[in-house]
Amino acid sequence: MSYAGTVAVHPENLLQGNLTSSTCGGNCPGGCASCPCGSSSNYEDAAKWCAKYSWNQANCQCIMKAESGTNANAANQNTGGSYDVGLWQINDYNWNACSSGKAPCDPSTNLACAIDVYNWGGKTW
């Protein structure tokens, strides 16, 4: 599975010591310099978590499945070095405002951040 905006990890960079990367036990399939949500998977029910807010349920579930594969510990490192984490892949740009500067890996915190980002964006996806 690949994700848009992830870092391409080339084997020659790893062999030459140009990049330290890990897939974080499968949580970061594109390779990450660190594992903000650890290396254990945590698969959740998309319908259960989407139902906790009044957004379009079908859109929410589709986005969650595409962004994280419903793995609450999913992480992706973007080409600029930023991270997206959790069920809704919340970018680290938003972590200070929605999760006290910490990676919102647990589903409840990720949900709260997703609601904030959704509202900041004018209640649109």
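Preceding this section is the structure that the text describes.
Chemist: How do you make sense of the state of the cysteines when you look at a structure like this?
Modeler: By definition, a disulfide is the covalent link that joins the sulfur atoms of two cysteine residues. Evaluation of the coordinates by the stated rule reveals five disulfides. Disulfide partner of C24: C35, at an S-S distance of 2.1 Å. Linking C24 and C35, the disulfide has an S-S dihedral of approximately -90° and is accordingly described as left-handed. Of this pair, C24 sits in the loop between α1 (11-15) and α2 (46-50) while C35 is found in the loop between α1 and α2, placing the two residues 11 residues apart along the sequence. Two residues, C98 and C113, share a disulfide whose sulfurs are 2.0 Å apart. Taking the sign of the S-S torsion, 95° for the link of C98 and C113, the bridge is right-handed.

Chemist: Looking at this model, I keep getting lost on the side chain of D84. Mind explaining?
Modeler: Structurally, the position occupied by D84 is in strand β2 (residues 83-85). In this structure D84 is buried but unpaired, with K102 as the nearest side chain of opposite charge at 20 Å. A distance of 3.2 Å separates a polar atom in the side chain of D84 from a polar atom in the side chain of N78. Beyond its immediate sequence surroundings of up to four residues, D84 is in contact with A74, A75, N76, N78, Q89, I90 and N91.

Procedures and definitions
- Residues numbered from 1 in each chain as written.
- Predicted model: local features only at pLDDT ≥ 70, side-chain atom pairs only at ≥ 80, totals over all residues.
- Heavy atoms only, no water.
- Disulfide = S-S within 2.5 Å.
- Helix = DSSP H or I, 4+ residues; strand = E, 2+ residues; numbered from the N terminus.
- Buried < 20%, exposed > 50% of the residue type's maximum accessible area, 1.4 Å probe, protein only.
- Lys, Arg positive; Asp, Glu negative; His and termini not counted.
- Salt bridge = Lys/Arg side-chain N within 4 Å of Asp/Glu carboxyl O.
- Polar contact = N/O pair within 3.5 Å; in protein donor to acceptor, adjacent residues only side chain to side chain.
- Contact = heavy atoms within 4.5 Å.

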